[in-house]
Amino acid sequence: MYVEVSPNDYHVLHPRPVYLIVSKSKEGRLNVMPASWVSPVYDDPFLIAVSIWSGSLTHEYVSETGELTINVLSEKHAELAYKLGTVSGRDVDKFKTYRLKQYPSKTISTPGLDGVLGFVECVVKDKVPVGESTLFICESKAIHVDKEVYEKYGWNLSRTNILLHGAGKSFTTTSRLIRVSK
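Residues numbered from 1 in each chain as written. Predicted model: local features only at pLDDT ≥ 70, side-chain atom pairs only at ≥ 80, totals over all residues. Heavy atoms only, no water.

Moving on, we come to the environment of Pro 40. Secondary-structure assignment places Pro 40 in strand E4 (residues 38-43). Residue classification places Pro 40 among the exposed residues on the basis of a relative accessible area of 56%. As a C-alpha pair, Pro 40 and Val 50 span 10 residues in sequence and 8.9 Å in three-dimensional space. Contact partners of Pro 40, with chain neighbours within four places excluded, come to Phe 46, Leu 47 and Ile 48. (Helix = DSSP H or I, 4+ residues; strand = E, 2+ residues; numbered from the N terminus. Buried < 20%, exposed > 50% of the residue type's maximum accessible area, 1.4 Å probe, protein only. Contact = heavy atoms within 4.5 Å.)

Written out as C-alpha cells, the structure is:
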C-alpha cells in the first residue's frame, strides 16, 4: 500500500552519492563544499550536471573560472562531508581548518583532493538557472581514480563503499554489489 507524500519531498530520491566540489577563485583562493545533486547527463563527451545554490561561494568561484573538481568519497569521509557543509568558505578557510590536501589536476588549475577515491576535472560548458540554484553542465577533462578500488566498469564495492547522503546528518554506504544474470 502506498501513501502520498508532499510533491516537494525530494528525499524520495535519496540516498544519493555525496561528493566534494572543489572550486578556485580568479585570485587562486580555494573552496570546497559537499554536494549530492550531481549527475551524469551525457556520455560522449562525458557531461555532468552539478546543482549549486546561487548564493554560495562555490557558485561564485565556478562562475568566475568555469572549472571545478568533483571528488568521490568513501565511508571514511562522512564526518568531513557533514562538517564542510555546516560552514561557509566566506567565513572559514576550509582547506586550512580541515587540513585538506590538494592533488594537482592535469588539465585545469583547480585541484582535486588527496585521499578521496577519485576526482573528475571539469570545465563548465553551460549554465541553467533553476530556482535559487544554477545547474552547471560540466565536461569531464580528466579523471583520477584510486587504482586499488577502481576497475574497468567502476568501483569495486567489495573493496570500498561509496558515501551516500540521506538527509541532514544521515549517511549510508553502498554495502553490497548485486550482479544480475543475463
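Attention now goes to the environment of Asn 71. In this structure, Asn 71 sits in strand E6 (residues 67-72). C-alpha of Asn 71 to C-alpha of His 14: the two residues are 57 residues apart in sequence and 19 Å apart in space. Apart from the residues within four sequence positions on either side, Asn 71 is in contact with Tyr 19, Leu 20, Val 22, Gly 112, Leu 113, Val 116, Gly 118 and Phe 119. Within the local environment of Asn 71, its side chain forms a polar contact with the backbone nitrogen of Leu 113, the two atoms lying 2.9 Å apart. (Polar contact = N/O pair within 3.5 Å; in protein donor to acceptor, adjacent residues only side chain to side chain.)

Most of E6 is tucked away, with 6 of its 6 residues classed as buried. A two-sided burial pattern is seen for E6, the buried positions comprising Glu 67, Thr 69 and Asn 71 on one face and Leu 68, Ile 70 and Val 72 on the other. Across 4 bridges, strand E2 (residues 19-24) lies against E6 in antiparallel orientation. In the sheet register, Leu 20 faces E6, and the bridge partner there is Asn 71. (Pairing = 2+ DSSP bridges.)

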